[in-house]
Structures are given as structure tokens and as C-alpha cells.
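Geometric and topological summary
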Amino acid sequence: MDCVSLVELSVSCSHLLDKDVGSKSDPQCVLLQETGGRWTQLARTEKVKNCSHPSFSERLRLDFHFETVQKLRLGIYDIDNKSDSLDDDDFLGGVELTLGQIVSSKTVNRPLLLKNGKPAGKGTITVTAEEVKDNRAVVLELEAKGLDKKDVFGKSDPFLEFFKQGDDGKWSLVHRTEVVKNSLSPSWKQFCISLHTLSSSNTECSIKVQCSDYDSDGSHDLIGSFTTKVSELQKAAHGSPVEFDCIHPEKQKKKKSYKNSGVVCVKSCQVVTQHSFLDYVMGGCQINFTVGIDFTGSNGDPRSPNSLHFLSPDGMNQYLEAVWSVGQVVQDYDTDQLFPAFGFGAKLPPDYQVAHHEFALNFNPSNPYCQGIEGIVSAYRMALPQLRLSGPTNFSPIINQVASMASRAAQQNSASQYFVLLILTDGEITDLDQTREAIVRASRLPLSVIVVGVGPADFQAMELLDGDGGTLRSPAGEAASRDIVQFIPFRDFKDAPKEALAQNVLAEVPSQLVSYFKMRGLDPAKPATAKA
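From a predicted model like this one, the values you see are computed outputs, not experimental measurements.

Comments concerning the overall build of the protein
From N to C terminus, the protein includes 12 helices and 26 strands. What you see for the protein is a C-alpha radius of gyration of 26 Å, in line with the 24 Å of a compact globule of 532 residues. At a minimum sequence separation of 6, the contacts of the protein that also span at least 24 residues come to 70%. For the protein, the exposed area adds up to about 25,100 Å²; of that, 50% sits on carbon and sulfur atoms.

Here is the structure:
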């Protein structure tokens, strides 16, 4: 029997190479795991601006399987743009090791190596592992008043850093807030951090909170700090904040009359249960899988071997391979196995007059459901010779169609249904503005959108829809409530094991599902009690 535990990795580096002219690098740590001979990205830390010795506050979480050798790669990149792709970012060094090595040592320190195997200067990386056994989280909202003025031509640009004290007495960074520009009385955004990360699940564990003035060159000035614990923070409730004097030790030594360098106020602190993807699924949440397939003319004549819709002797092509790969995983989470399947960008029989941008693959608009993944494949093979490929490539109609289903489910006010739309396409989106608008609206619904790019086209515009590079906004400027889009080019997985595509395509769905129900304040439904 496989033994599985949730493990949290914390990462810090020292003596990183400086790749930016006139300043230090802006490092980010990327975690990858080897699966079937291919490296799959699992998680990233935040980017730390202008720093050669970063301590990353964001933890990297993954499951630990005792019976399996889990090969990991930790890469440090200098991030200079908002693109999610690492191809145009400088590689500062990395290390390859197994999760077993980290867990057995608890803390591992290794030299960073470049891609050619040579040392990355004097760069080193330190990785620490902890097992996570607690699903509670702390929701905090803080502000400050009367902070010291640190900037000559302005006030201060304050931010907070939280440190927890380990068994060895050392402090480790666990959270960093955003910077509030030019303010001595800042209010920081509410944030949520796991109780394990903040205080090792011990409400009496010492926590140090440090307030600093941000400087673009990385030489942040300390305003002051204080120590506390979760049990003290929890006293902030029902409109009664808890206040802490922000103390600068050097000023305290020099002036007997010194009181503080400002006051940090904890406006609210709640310890809540942080439900997992498994909690929702085991609570009865059904994942409704929908497929949308691109039949625009740029795919080429399906009768030609050069067409992306051409069926090989075994009756397959890239479109069907993607449907099989993803569908085989998702179908296990939907008990009725009925999946709506749509096409777009084609003219339909019998008249072939106009291009349809959202039509039932089985030509039955009143009942577009197919029985299982096999049903989708059968409907596709039946429809293909009857269609006339046309255009343009419009995504918004099919997104809006599935969004309407998700909207009806959302009205139930229960964590019972979630929708995953898989769009398979060969080219650039024609209705980009309408698609952005549709995604922003859909971000408020129980829906994730996965786009798989088929063929050799340039899919650069797709990166805009994938919110990893920054919050997606509608043409009117409205921000998406959450990131719901994942884009994957099929060509990256053409020669990889079949399971590799599904793993990458579906990697973000669990967190997206949890983020939606969390946003709605919906707990998992309790599973039905088994009858004797």
C-alpha cells in the first residue's frame, strides 16, 4: 500500500549571480518533478525583487510517497517579465535531488549548478522539509499607524514579514505582505496562511513580525518589530483590534524616552478549516467535464494526411489523443458519465450556409451529452466527414454556454458541482476581447477552462488568458475573481508518456475548485453514511 504524506518545502538561496545591469537579480524558485522521463512543473515561489540572498516566503507543497523515488528539480530564475514562460528568463542555477533525500535530512544545503553542470558562482540553495498534518488556516487583516518616516522625499513604503521560531531557536520567514507605497498608516490586504506554516500548528509558538520600508535596491530599512503568538492574535475579534508596539532595537537603546516606531494593529484574526480538493470530492462534489473542438479551416482538409483532423489508421489524431488523455482522468469524478461535447468554426449539414461557433458534436442541440469518453470520440468520428471547416476561431460562445450551466449549479449554494471545459484548438483566438470578457464573468462561477493548443501554430495570445502572468482583465478593466484558465501546447507532450499531458493539463484544477468554494464560503457536503 502506498504511503502518502503532504510535505511542505521552504527554500532560501545565497550568493546568486547578478544578471540585471546595475542591480541584483529578481529570483524565483520553480519546483519540477520527473514523471515518465519528463519534468513537470509543480509549483513556484513568489519573485523576490533585487536580491542575491533570497528567503522565499511561499512554501512548495507536494505529496510524499515512501515507496516511490521522487526526483525533483529546483531551479532559480531571474524573472524580468510577466510571462509565465521561463524561456526568456535567465537561469541562475539549480539542483536535482530526491524528495527522500530532503525528508530524511530535513534540511539540505547544496551548491547551485548551471545547465552545463558547472557551479553557478558561489550560489547555494537550502531546502527544508516539514510534514503537514493540519488543515487549519489563519486569516489575518492588519494595518499600522504612526510609522517612522524613512524616505527623504516621501513617507515610507511599509511591508510586513512574518517569521516563526523553530525548535533550534532560529527564525524562518513564512509570509511577506505587499508593499503599501508612501504611507505611515498603511492597511494591508487580508491574507490567509496555513496554521502549520505560520506556527507549526501550535497557537503558543513564538512569531516575529517585522515592519520594513521597501527600497528598490533591496536594502530595506527596518522600521520595527514585535513578537507574538497566534493565541494573542486571536484576541482581535468583533471590531476590537489588538495593537503591538513596533520597536526598533537601536532606537530603543539610544533614547530612554523612546516608545515605539509606530503601532501595528491586528484588525481581525480567525482560525478556519482549510478544506482540500479531496474533502470536496469525498463530500459528493461532481466534476462535470465538457469538450469543445476547433473545426476551423486552418486545421486543413480532414481527408489530407497534413490535416490536424486527419485520422490515422488506428482512428486517432492529436485532438482525440488529448480528449482521451484528459477525459480518462476527469471521468472518474462524474458518476453519470454524461459529457456535453461541442464543436465550433464549421458549417453544418444540410445547408452548409453559415459557420457555427457552438454546436452539439452529436448534432442534437437539445441533448449534447455523450456517454463517457468513448461517446465523445464516437460523436467526433461521426461528425467529422459531415462538416465543412470554416472559421473564425471564436471561444466566447462555448465558454458562455458552459458558464450558463455552471451558473445554474451555483444557484444551489452548495459544493455539489464543478465544471471543467476542455477547449482544443489549432490557432489564435479571433474574438479575444469577447473571450476575456467571458472568462472574467466565468471566474465568479464553479468553472475551470483548459485550452490545449494542437499543431505548430504560435499560441502567444493564449498566454494572456492564462492568469499566471498577472490578473486577467476584461476590455473594460474588470479583474477576474480568480485564475481559471490553463493553457498547454500539445506539441510539448507529443513524445511524452500519455499520462504526462493529463498531469500538466489538470494540475491547477484542484486548487481552482477549492478557491471557488472558499470564495463562496461553501464547505464540503458530508458524505452519505454507509448503510450496514
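Having seen the model, we can carry on.
Describing the pairing of strand 18 (residues 338-344)
Among the 7 residues that make up strand 18, 6 are buried, leaving the element largely enclosed by the rest of the structure. Regarding topology, helix 6 (residues 318-330) serves as the crossover connection from strand 17 (residues 286-294) to the parallel strand 18, and that connection is right-handed. Here 3 bridges tie strand 18 to strand 22 (residues 369-371), and the two strands are oriented antiparallel to one another. The residue bridging P340 from the neighbouring strand is Y369, located in strand 22. Pairing analysis gives 2 bridges linking strand 18 to strand 21 (residues 359-360), with the strands arranged antiparallel. Along strand 21, the bridge assignment pairs F342 with A360.

Things to note about the environment of D168
On the secondary structure map, D168 appears in the loop between strand 10 (158-165) and strand 11 (171-176). A distance of 3.0 Å separates a polar side-chain atom of D168 from the backbone nitrogen of K170.

Notes on the side chain of T296
Relative to the helices and strands, T296 is located in the loop between strand 17 and helix 6. Note on T296: relative accessible area 2%, which makes it buried. A polar atom in the side chain of T296 sits 3.4 Å from the side chain of D426. Once you skip the residues sitting within four places of it in the chain, T296 turns out to touch F344, G345, L389, S390, G391, P392, T393 and D426.

Calculation rules
Residues numbered from 1 in each chain as written. Predicted model: local features only at pLDDT ≥ 70, side-chain atom pairs only at ≥ 80, totals over all residues. Heavy atoms only, no water. Helix = DSSP H or I, 4+ residues; strand = E, 2+ residues; numbered from the N terminus. Rg over C-alpha atoms; globule rule 2.2 N^0.38 Å. Contact = heavy atoms within 4.5 Å. Areas by Shrake-Rupley, 256 points an atom, 1.4 Å probe, with all protein chains shown as cover. Buried < 20%, exposed > 50% of the residue type's maximum accessible area, 1.4 Å probe, protein only. Right-handed = clockwise from strand over helix to strand, strands pointing away. Pairing = 2+ DSSP bridges. Polar contact = N/O pair within 3.5 Å; in protein donor to acceptor, adjacent residues only side chain to side chain.

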